[in-house]
Amino acid sequence: MKKKVISAILCVSMVAGILAGCGGSTGSSTTEAGKTEGTQAAATQAGTTEAGTDEAKGETAAADDTEKADANTELSGTLVVALWDNVSMQLFEDLDLAGKFQEVYPDANIEFEKLKDDSEYWNAMKMRASANQLPDIMFNKTFTLSRFKDYLVDLSDTEANKNNNIAEGYAVDGKVLGLPEKMTAEYVYYWKDMFKEAGVEVPSTWSELEEVSKKLQEHFGADNGDFMAIAMGGKDEWPTYPFTEFMPALESGNGQNWNTMATQDEPFSEGTDFYKAYTKINSLFTSGVFGKDPVGIGNDQATALFAQKQAAMVASGGWALTSISEGADSTDELGTFYLPTREKAEDPFRAITQGDNFMSITTHAKNPELAKAFVEFYFSDAWYPEYIKSQADDNTMKTVQKDKDPILAQADELQPDKELVMYDGGGDDFTALVAETTFDYKKLGSEMLVNGFDLPSALNDLNTKWKAAREKLSIK
């Protein structure tokens, strides 16, 4: 009988004091600020067996020999895995990641270092990189792969990379420095029965979206002065992100758009991807389709109003489905489509996807072969399918099938030939420029919802600040 090994997972926080950190990019990235000085703590865990004393006595020597033959005893040692994500940490414990890995590598131990939050995590990783004390395995975001590129091992030749749908899209200098375990998508939720009543269909171009939105506003707004064709919680500013954060990248299919802007003196000028995208956004935001006071309500209220059909559409991530479903009387008429930003139906239809939780091996790994074996195991059938099916996010592996929620899957059915744009949240140069210029696409989006906002003037001002900031910071 094969023995099951259970490793106790001990979550450890790195004590943060004061360490100079670099600012995170706005949007999907996290800001690092201030200084931190801390002591590093490590969790130690030892494998224990579930088999009782009586059962252990009943095992024969032949069974023991068979078990040893099945397990890989060539690799041994301890791996330190650092992370900040509470959901992942809980799943690691619930699904017994350490124990399952030890079933294959019985002489290997896993130590998990769980930091308090992502801000503390990035400060700690920066400090440890400078001190040559990074963990064997660390998790990255899109915007930190380039930050830690000198400390990460190229995973291009791994089977896990070859079977990953999007890892190559986030290569840095031609090297795959992290494997994303999941990916997220953005949707426009809509009520099919409301579309039918207003006599409109799902739009597939930007001009169609504007036209459909205006017709919905006219039809339902005639009897309801509070109606919104598109629900928007502009008071919170960040709900503008499906438009203001992602549309510049969708304009030309450049998921590295923010990093490209960091190399330009005047990236907000006419003719740039940013200018084209924001001209479209401004046209929609000033058309009245967000109701009479889109900056007067926050995201929770906007979502609740959409759920109760006081709005016909709302743009948000897959995570919003839960809130919408809880607030709706029924989801039978709820559908989704991808935000159509293209100008003509003949143009490529692009949709944003974002890799998340990139597993990386550091150059400080004391046992790189065991670390690589862990990465291969993590994305293999022995672990990954059960893990990813326990999460709401999309799967990244070609070898795994995960059924999408039927409501979210409707967007894929409408655009089966879409081009996925691998979005990057912006690297260190972009982050530094954002901090210096106070550029904030979410805030800019909220300002566009206010009558009288002058977009050309705002973009000219940003160009001036951006050029000066690049010179001051010596960014090339």
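For the protein, the name recorded in an unreviewed UniProt entry is Multiple sugar-binding protein, with Robinsoniella peoriensis as its organism.

A. Local environment of the overall build of the protein. Scanning the protein for helices and strands turns up 20 helices and 12 strands. Across the 476 residues in the protein, those meeting the buried criterion constitute 52%. Within the protein, contacts between residues at least 6 apart in sequence are counted, and of these 78% link residues at least 24 apart. Surface accessibility of the protein: about 20800 Å² in total, with carbon and sulfur atoms responsible for 46%.

B. The pattern of salt bridges, seen in detail. Scanning the model with the defined rule gives 22 salt bridges in all. With its nearest N and O atoms 3.4 Å apart, the salt bridge here joins D173 to K149. Here the residue D173 occupies a position in the loop between α6 (159–162) and β6 (179–191), and K149 occupies one in the loop between β5 (137–140) and α6, the gap between them amounting to 24 residues. One network of salt bridges, in which partners are shared, links D394, K404, D412 and K418.

C. Local environment of the packing of helix α12 (residues 273–285) against helix α19 (residues 441–448). Running from amino to carboxyl end, α12 crosses α19 at an angle of 40°, the nearest separation of the two axes being 9 Å. Facing α12, whose interface residues are F274, Y278, I281, N282 and F285, α19 presents Y441, L444, G445 and M448. Of the residues in the contact of α12 with α19, the class split is 7 nonpolar, 2 polar and no charged.

D. Broad picture of unusual backbone geometry. Even without being glycine, D96 reaches a positive phi, approximately 60°. One can find D96 in the loop between α3 (86–94) and α4 (97–104). The class of D96 is buried, set by a relative accessible area of 10%. Of note, E237 is a non-glycine position whose phi angle comes to about 70°, a positive value.

E. Looking closely at the pairing of β6. The buried count for β6 comes to 12 of 13 residues, which makes it a mostly enclosed element. With 6 bridges connecting them, β6 and strand β10 (residues 350–361) associate as antiparallel partners. Its bridge partner being in β10, L179 is matched across the sheet by M359. In the sheet, β6 pairs with strand β11 (residues 394–395) via 2 bridges, with the strands oriented antiparallel. Each residue of the ladder has a partner; that of K182, found in β11, is N395. With 4 bridges connecting them, β6 and strand β9 (residues 334–337) associate as antiparallel partners. Counterpart to Y189 in the pairing with β9 is T336.

F. Just the nonpolar core, in detail. Of all hydrophobic cores here, the largest spans 79 residues; its most connected members are Y189, L216, F243 and F439. Membership of the second largest hydrophobic core comes to 59 residues, among which are A82, F92, Y105 and L145.

G. Local environment of the packing of aromatic side chains. Tallied over the full model, the rule gives 45 aromatic pairs. Ring centres 5.7 Å apart and planes at 40° place the aromatic pair F92 and Y387 in the tilted group. Pair noted here: F92 is in helix α3 and Y387 is in helix α16 (residues 384–388), with a separation of 295 residues, a long-range link. With respect to class, F92 is no different from Y387; both count as buried. Through a chain of ring-to-ring contacts, three or more aromatic side chains come together here, namely F92, F101, Y105, F112, F139, F374, F377, Y378, F379, W383, Y384 and Y387. Lying over the aromatic face of W191, K309 brings its terminal NZ or CZ to 4.8 Å of the ring centre. The aromatic ring of Y441 is capped on one face by K442, whose charged end is 5.2 Å from the ring centroid.

H. Up close: the environment of T336. Following the sequence through the fold, T336 ends up in strand β9. Sequence separation between T336 and E186 is 150 residues; the distance between their C-alpha atoms is 9.7 Å. If sequence neighbours within four positions are ignored, T336 has contacts with Y187, V188, Y189, Y190, I407, L408, Q410, A411 and L414. At 2.6 Å, the side chain of T336 forms a polar contact with the backbone oxygen of I407. Polar contacts involving the side chain of T336 include one to the main-chain carbonyl oxygen of L408, which spans 3.5 Å.

I. View of the pairing of β10. Most of β10 sits out of view: 12 of its 12 residues are buried. Sheet analysis places β5 next to β10, joined by 4 bridges and oriented antiparallel. Bridging across to β10, M138 finds its partner in S360. The pairing of β10 with strand β12 (residues 419–422) spans 4 bridges and is classified as parallel. In the strand pairing of β12, I352 is matched with V421.

J. Structural context of helix α5 (residues 118–130). The end-to-end C-alpha separation of α5 is 18 Å, in line with the 18 Å expected for 13 residues at 1.5 Å each. Along α5, the residues that are buried comprise E120, Y121, W122, N123, A124, M125, R128 and A129. Next to the buried residues of α5 lie β3 (77–83), β4 (108–114) and β5. By the N-cap criterion, in which a side-chain oxygen at the helix start approaches the backbone nitrogen of a residue two or three places on, α5 is capped by D117, the distance to S119 being 3.3 Å. After α5 finishes, the residue N132 shows a positive phi value of roughly 55°.

Basis of the calculations
- Residue positions are given per chain, counted from 1 along the sequence in the order it is written.
- Under the rules for a predicted model, residues below a pLDDT of 70 receive no local features and side-chain atom pairs below 80 are neither given nor counted, while totals for whole chains, interfaces and linings still include all residues.
- Excluded from the side-chain calculation are hydrogens and water; included are all heavy atoms of the structure.
- Elements are defined by DSSP. Helices are runs of H or I of four residues or more, strands are runs of E of two residues or more, and each kind is numbered from the N terminus.
- The rule is simple: take the accessible area with a 1.4 Å probe, protein chains only, and divide by the maximum for that residue type; under 20% is buried, over 50% is exposed, in between is partly exposed.
- What makes two residues a contact is simply this: any of their non-hydrogen atoms within 4.5 Å.
- Methods summary: accessible areas were calculated by the Shrake-Rupley approach with a probe of 1.4 Å, and residue burial reflects only the protein chains presented.
- By definition, a salt bridge exists where a carboxyl oxygen of Asp or Glu is found within 4 Å of a side-chain nitrogen of Lys or Arg.
- Between the N-to-C directions of two axes lies an angle of 0 to 180 degrees, each axis being a line fitted to C-alpha atoms and, for a helix, fitted only over the stretch in contact.
- Under this grouping Gly is polar, as are all residues other than the nonpolar Ala, Val, Leu, Ile, Met, Phe, Trp, Tyr, Cys and Pro and the charged Asp, Glu, Lys and Arg.
- In this scheme, strands are said to pair when DSSP sees at least two bridges between them.
- We define the nonpolar core as a collection of buried residues of types Ala, Val, Leu, Ile, Met, Phe, Trp, Tyr and Cys that are connected through side-chain atoms lying within 4.5 Å of one another.
- For Phe, Tyr and Trp, rings pair up if their centres lie within 6.5 Å, where Trp contributes its six-membered ring, and each pair is then called stacked (planes under 30 degrees apart), edge-to-face (over 60) or tilted (otherwise).
- Only Lys NZ and Arg CZ are tested; either one counts as a charge over a ring when it is within 6 Å of the ring centre and within 35 degrees of the ring normal.
- Between N or O atoms, a polar contact is any pair within 3.5 Å; within protein, one atom must be a potential hydrogen donor and the other a potential acceptor, and residues adjacent in sequence are included only when both atoms are from side chains.
- Helices are assigned an expected span. That span is 1.5 Å times one less than the residue count.

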